[in-house]
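Per-entry structural report
One-letter residues, chain by chain:
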Amino acid sequence: MSTNVEIKNRLTGKVLYAAKVEQTGDMALRAAIEQADLSNVDLRGAYLRGAYLRGAYLLGADLSNANLSDANLRGADLRGAYLRGADLSNVDLRGAYLL
């Protein structure tokens, strides 16, 4: 059984990222968004508290005023990402690319 996973803009409904997962359960869903390509995506003001974005590609993404507290961004590529006003409290940025 497969499941479609989508990350959508909450205001416009536009699909920002989509993946087809062949298994179900938390680990399969987590794997679907791990290493997601969210380059240049507009995530201004997004509520991403506790999000699992380990290894995600967020190059040039606009994360201004986003709530990323307690998120896992370990190994994520954040080069060129716009983070002004973002809540980065308790974010795991080990191994993340910031410059």
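Residues numbered from 1 in each chain as written. Predicted model: local features only at pLDDT ≥ 70, side-chain atom pairs only at ≥ 80, totals over all residues. Heavy atoms only, no water.

1. Some remarks on the packing of aromatic side chains
- For the structure shown, the criterion picks out zero aromatic pairs.
- Taking NZ or CZ as reference, R79 lies 5.8 Å from the ring centre of Y97, over its face. (Phe/Tyr/Trp six-rings, centres within 6.5 Å; stacked < 30°, edge-to-face > 60°. Lys NZ or Arg CZ within 6 Å of the ring centre and 35° of its normal.)

2. Overview of the side chain of D77
- Here D77 lies in the segment after helix 1 (26–33).
- Aside from chain neighbours lying at most four places away, what touches D77 is A56, Y57, L58, L59 and Y97. (Helix = DSSP H or I, 4+ residues; strand = E, 2+ residues; numbered from the N terminus. Contact = heavy atoms within 4.5 Å.)

3. What to know about unusual backbone geometry
- At N65, a residue that is not glycine, the phi angle is positive and equals roughly 60°.
- Position of N65 relative to the elements: it lies in the segment after helix 1.
- Taking the relative accessible area as the measure of exposure, N65 reaches 54% and is therefore exposed. (Buried < 20%, exposed > 50% of the residue type's maximum accessible area, 1.4 Å probe, protein only.)

4. Considering the pattern of salt bridges
- The full count for this structure, using the stated rule, is five salt bridges.
- A salt bridge links R79 to D77; the nearest nitrogen and oxygen atoms lie 2.4 Å apart.
- With a relative accessible area of 38%, R79 lands in the partly exposed category.
- Note on D77: relative accessible area 7%, which makes it buried.
- Among the salt bridges present, the one from D92 reaches R94, with a minimum N-O distance of 2.8 Å. (Salt bridge = Lys/Arg side-chain N within 4 Å of Asp/Glu carboxyl O.)

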